[in-house]
Amino acid sequence: MSKILVLDNEKEIADVIGLYLRNDGYEVELAYSGREALKKVETSPPDLALLDVMLPDIDGFRVLQKIREKYKFPVIMLTAKTEYTDKINGLTLGADDYIPKPFNPLEMVARVKAQLRRYQKYNGTAAEPPENIIDFAGLLMNRDTHECSYNERELTLTPTEFDIL
């Protein structure tokens, strides 16, 4: 199970983000200030972080800089700062994605999945599937057991349907 750090000074927003991520099977840790987030990263680094920019103590860009000094896990900026210069600044400092507020929670979860999938695949943290397993764009098929799932939901297929896929 991947652990995600959510940093937002607005408790309600952080709680909603946490709810969506937990419902998708992630372990979520919440932080409401930059200093609190940095302590949590030092204590137990997450697999991905979602950072707000406008915080009461240190801004999210500075938190991102501190994270990038030592860690390589994906960071997604999730903020109301939507000027092109803010987006460029975040991406230049090392953010892997930038989601403007207001945001669609389902899109946010999809972006989290995409970043984790890419990070785990290219950093060797995800085990390579055996040759009898086909994993393509959310579709997972086991040629030996004829089990099939799409986006982690079990599919019931006839033998002919399985062969077509």
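Keep in mind it's a predicted model, so treat the numbers as computed, not measured.

1. Brief notes about the pairing of strand β7 (residues 139–142)
Then, in step 1: As paired elements, strand β6 (residues 133–136) and β7 share 4 bridges and run antiparallel to each other. From the neighbouring strand, Phe136 faces β7, where its bridge partner is Leu139.
Then, in step 2: Taking the residues between adjacent antiparallel strands as the criterion, β6 and β7 are bridged by 2 residues, where Ala137 takes a positive phi near 50°.
Then, in step 3: Where β7 lies against strand β8 (residues 148–150), 3 bridges are found, and the strand directions are antiparallel. When the bridges of β8 are listed, Met141 appears paired with Cys148.

2. Examining the sheet that holds β8
Then, in step 1: Read from one edge of the open sheet, 4 strands run β6-β7-β8-β9, paired in antiparallel fashion. The two strands at the open ends of the sheet, each matched to only one other strand, are β6 and β9 (153–155). The sheet shows a mean angle of 20° between the axes of neighbouring strands, taken without regard to direction.
Then, in step 2: Sheet topology places β8 next to β9; 3 bridges connect them, and they run antiparallel. Note that in β9 the partner of Tyr150 across the bridge is Arg153.

3. Quick notes on a nonpolar patch on the surface
Then, in step 1: A contiguous nonpolar surface patch, about 280 Å² in accessible area, is contributed by Val16, Tyr20 and Leu106.
Then, in step 2: Along the polypeptide, Leu106 turns up in helix α5 (residues 105–122).
Then, in step 3: The exposed category is assigned to Leu106, whose relative accessible area is 61%.

4. A few points about the side chain of Ser2
Then, in step 1: On the secondary structure map, Ser2 appears in the segment before β1 (3–7).
Then, in step 2: If sequence neighbours within four positions are ignored, Ser2 has contacts with Tyr26, Glu27, Asp47, Leu116 and Gln120.

5. Regarding the pattern of salt bridges
Then, in step 1: Within this structure, the stated rule accounts for 12 salt bridges.
Then, in step 2: In this structure, the salt-bridge partner of Lys101 is Asp52, at a minimum N-O distance of 3.4 Å. Separated by 49 residues along the polypeptide, Lys101 in the loop between β5 (97–100) and α5 and Asp52 in the loop between β3 (48–51) and α3 (60–68) bring together distant segments of the chain. There is no split in this pair, since Lys101 and Asp52 are both buried.
Then, in step 3: Residue Lys66 pairs with Glu69 through a salt bridge whose shortest N-O separation is 3.9 Å.
Then, in step 4: Put simply, Asp8, Asp52 and Lys101 are held in one network by salt bridges that share partners.

6. Quick look at the sheet that holds β5
Then, in step 1: Read across the sheet, 5 strands follow the order β2-β1-β3-β4-β5 without closing on themselves; strand pairing throughout is parallel. At either margin of the open sheet sits one strand with a lone partner, and together these are β2 (27–31) and β5. Looking at each pair of strands side by side, their axes are set apart by 20° on average, direction ignored.
Then, in step 2: This element, helix α2 (residues 34–43), spans β1 and β2 of the sheet and lies at about 140° to β2.

7. Thoughts on the packing of helix α1 (residues 11–23) against α5
Then, in step 1: Running from N to C, α1 and α5 cross one another at 60°; their axes reach a closest spacing of 10 Å. In terms of their interaxial angle, α1 and α5 are classed as oblique. Here α1 and α5 pass one another in a crossing that is right-handed. Between α1 and α5, the residues in contact are Ile17, Tyr20 and Leu21 and Pro105, Leu106, Met108, Val109 and Val112, respectively.

8. So, the packing of α2 against α3
Then, in step 1: Relative to each other, α2 and α3 sit at 15°, their axes nearing to 10 Å. Between α2 and α3, the angle is such that the two are roughly parallel. In this structure, the crossing between α2 and α3 has a hand that is right-handed. Of α3, the residues touching α2 (which contributes Gly34, Leu38 and Val41) are Val63, Lys66 and Ile67.
Then, in step 2: Here the residues of the contact of α2 with α3 are counted per class, giving 4 nonpolar, 1 polar and 1 charged.

Calculation criteria
Counting restarts for each chain, with residues numbered from 1 along the sequence as it is written. The predicted origin of the model limits local features to residues at a pLDDT of at least 70 and limits the giving and counting of side-chain atom pairs to 80 or more, whereas totals for whole chains, interfaces and linings rest on all residues. Values shown for side chains rest on all heavy atoms present in the structure; no hydrogens or waters enter the calculation. DSSP-based pairing: two strands are paired if at least 2 bridges between them are found. A run of DSSP states H or I qualifies as a helix once it reaches four residues; a run of E qualifies as a strand once it reaches two. Both are numbered from the N-terminal end. Structural elements are reduced to axes, namely lines fitted to C-alpha atoms, with helices fitted over the stretch in contact, and the angle between N-to-C directions of any two is expressed from 0 to 180 degrees. Patch rule: a residue counts if its relative accessible area is over 30% and it has no salt bridge; like charges are joined within 9 Å, and nonpolar side chains (Val, Leu, Ile, Met, Phe, Trp, Tyr) within 5 Å. In these tables, accessible area is a Shrake-Rupley quantity obtained with a 1.4 Å probe, and a residue counts as shielded only by the protein chains included in the view. Whenever a carboxyl oxygen of Asp or Glu lies within 4 Å of a side-chain nitrogen of Lys or Arg, that contact is scored as a salt bridge. Burial classification: accessible surface area is computed with a 1.4 Å probe over protein chains only, and a residue below 20% of its type maximum counts as buried, one above 50% as exposed, and the rest as partly exposed. We call two residues in contact when some of their heavy atoms are within 4.5 Å. Angle categories: roughly parallel below 35 degrees, roughly antiparallel above 145, roughly perpendicular from 65 to 115, and oblique for all the rest. By convention the crossing between two helices is left-handed if the near helix lies anticlockwise of the far one by an angle smaller than a right angle, and right-handed if it lies clockwise. In this classification, Asp, Glu, Lys and Arg are treated as charged, Ala, Val, Leu, Ile, Met, Phe, Trp, Tyr, Cys and Pro as nonpolar, and every other residue, Gly included, as polar.

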